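# Descriptive structure summary
If you want the building blocks of each chain, they are given just below.
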Amino acid sequence: MENQKSGISIGKRKSGFLLFITSLLVLLFFILIFLSRNNHQFQDRIFKAALKQRVQLPRADLGGEKNLDIVFCGSGSPFPDPINKRGQPCLAVFAKNHFFLFDAGSNSAVKLAIYRLPLQKLSQVFFTHLHSDHFSGLGEVRLLTWLQGKKSALKVLGPNGTKRTVEAYKEAYFIDSTFRIAHHGADFLNPSGTTYQTQEIQFSKEEKSKIVFEDGPLKITAFLVDHSPITHAFGYRVDFGDRSLTISGDSIKHPNIIKFSKNADVLVHEALNPMMVKGLEKRFNEIGNKLAAKLMGDILDYHTSPLEAAETANEAKAELLVLTHIVPPLPNALVERIFLRKASKIRKKDTILAFDGLHLRLPLGKKTILKGDFRP
Ligand SMILES: [Zn+2]
Ligand SMILES: [Zn+2]
C-alpha cells in the first residue's frame, strides 16, 4: 500500500514537472515572438547573426590538384518548376585552378552565387547548343564574374552561332557596364571584365569529336550528338587524371554518348519521360490549348527517355548516372518514381536525379564519388 502511494505521488510530481517545463517553453516561445516583432535591439542581433551566416567568402576548396568537383547549378529545363525549383541547364566543373561552366540557362548566376561558387575564377563557358535555355543566363553570369573581381574577358566556346549570340549579350550590357564603371571606378571594376573571348568549335565532315581544352592531365573533348533539327549540338567529356565526367547535352540516345562515356565515373544525361509528356499533350488538348499540345508533341522526338539514358550508361559501363534537364518537372517523390519506373528496371542502382545544389566530388587516385548538397 505504502509503495503504491509513493508510486502515485512520484508519478504526480513527474507530470507536474513536465507541465511546468512545457508552460515555460510556451511562455519563452511567445516572449521570443514578441521580442522579434517589437524589440529593435533583439531584431538587430538576429540580423547580425544572419549576416554572419549568410555572407561568407566564396568556396576555396573546389578543384585543385586532387579533386574533380561537379556542381549542378541548373538541373531542369525550359519548363517552370515552382516546387523543386530545378533551373535551366547549368553545370559547374572544377579541376586544377580551372572553373568551367557547361551551359548557362536563366537563373544560373543566382544559383552560382547562392552556392558560393568562386565566380571571379570562372575560366570558360562551354555551350552544348544554342537553344535559349542553355545560354539565356550568360549576361548575368558575366556580370557577376565582373562584380566579383574578374579582370579579364570571359571565354565562351560553343557551336556555330556562338559569336553572334555572345556579341548580342555584349551589346545588351554595354550601357549597364558604363554606368557601373562611372559609379564605382575602373580601378575596382576593370573594363576588361565586361568583355568576352569567343570561339566557335568547328567540325569537318569526317570529325565526330575534338579536344577543345588541355592542361596537363586535364582534357575536355567535344563530341557531336543528335538534337535535330538543331545543327551542331555537342556533348562533352572531361578527363582529369584517372577520373572522368561525360555530359550528354540535349540529344536523342546516341552512339557517340555511349562511346564518350565509356567507363566514365559520372554520366550526366538529359532525360524526358515520353509517357508523362504525352499525358501533358493530351491534357492540353482537352483544355483547348492547341499550341502547348503541339509543343509537347514536338519535343518528344529530340530527347532521351530515362530508360534510354539508363541503357546508355549500362552499355558504356558508366559508374554513376545522373539524370538532368528533367522534363517534365517532378513535384514529389511519387512522380519521381513514375519518372524513373522503366529505368529502374534495367539499372537497379547508381542512378540519381540531379537537383540544383548537388555536389559530386571525385578524388583522384580513388574510385569514390562523394555526394554533397550546397543548398543553404
Ligand atoms: Zn535543346
Ligand atoms: Zn534544353
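All residue numbers refer to position in the chain's written sequence, counted from 1. As they are written, the chains are lettered A onward and the ligands numbered 1 onward, keeping that order. Local features in this predicted model are restricted to residues whose pLDDT is 70 or higher, and side-chain atom pairs enter the listing and the counts only when it is 80 or higher, whereas totals over whole chains, interfaces and linings include all residues.

This part covers the sheet that holds strand β2 (residues 90-96). Strand pairing is defined by DSSP finding a minimum of two bridges between the two strands. Secondary structure elements are taken from DSSP: a helix is a run of H or I of four residues or more, a strand is a run of E of two residues or more, and numbering for both begins at the N terminus. Taken in spatial order, the eight strands make up an open sheet running β6-β5-β4-β3-β2-β1-β14-β15, and their pairing is mixed. This sheet does not close on itself; its edge strands, each paired only once, are β6 (196-200) and β15 (370-373). On average, each strand axis in the sheet is tilted by 20° relative to the strand beside it, whichever way the strands run. Strand direction decides the pairing type here: strand β4 (residues 124-126) and strand β5 (residues 154-158), joined by three bridges, are parallel. Across the sheet, Phe-126 pairs through a bridge with Leu-157, a residue of β5. Where helix α4 (residues 138-147) meets the sheet, its contacts fall on β3 (98-104), β4, β5 and β6, and the angle it forms with β3 comes to roughly 155°. Docked against the sheet, helix α5 (residues 162-172) engages β5 and β6, running at close to 165° with respect to β6. Only the stretch in contact is used when fitting a helix axis, every axis being a line fitted to C-alpha atoms; angles between N-to-C directions are given from 0 to 180 degrees. Placing a C-beta atom from the backbone of each residue, one calls two residues in contact when those atoms lie within 7 Å.

Before going further, it helps to spend a moment on the nonpolar core. A set of buried Ala, Val, Leu, Ile, Met, Phe, Trp, Tyr and Cys residues, joined to one another through C-beta atoms within 7 Å, is what we call a nonpolar core. We call a residue exposed when 12 or fewer other C-beta atoms sit within 10 Å of its C-beta, buried when the count reaches 20 or more, and partly exposed for counts in between; the C-beta positions come from the backbone. Membership of the largest hydrophobic core comes to 75 residues, with the highest contact counts inside it found for Leu-91, Ala-92, Val-93, Leu-101, Leu-112 and Leu-245. Apart from the residues lying within four places of it in its own chain, the contact partners of Leu-101 are Cys-90, Ala-92, Leu-122, Val-125 and Val-141.

Attention shifts here to the sheet that holds strand β7 (residues 209-215). Spatially, seven strands are ordered β7-β8-β9-β10-β11-β12-β13 in an open sheet, and the strand pairing comes out mixed. In this open sheet, the two strands that pair with only one neighbour each are β7 and β13 (351-353). Neighbour-to-neighbour, the strand axes of the sheet open up by a mean angle of 20°, direction not taken into account. Both strand β8 (residues 218-224) and strand β9 (residues 234-240) contribute to a ladder of seven bridges, which runs antiparallel. When the bridges of β9 are listed, Leu-218 appears paired with Phe-240.

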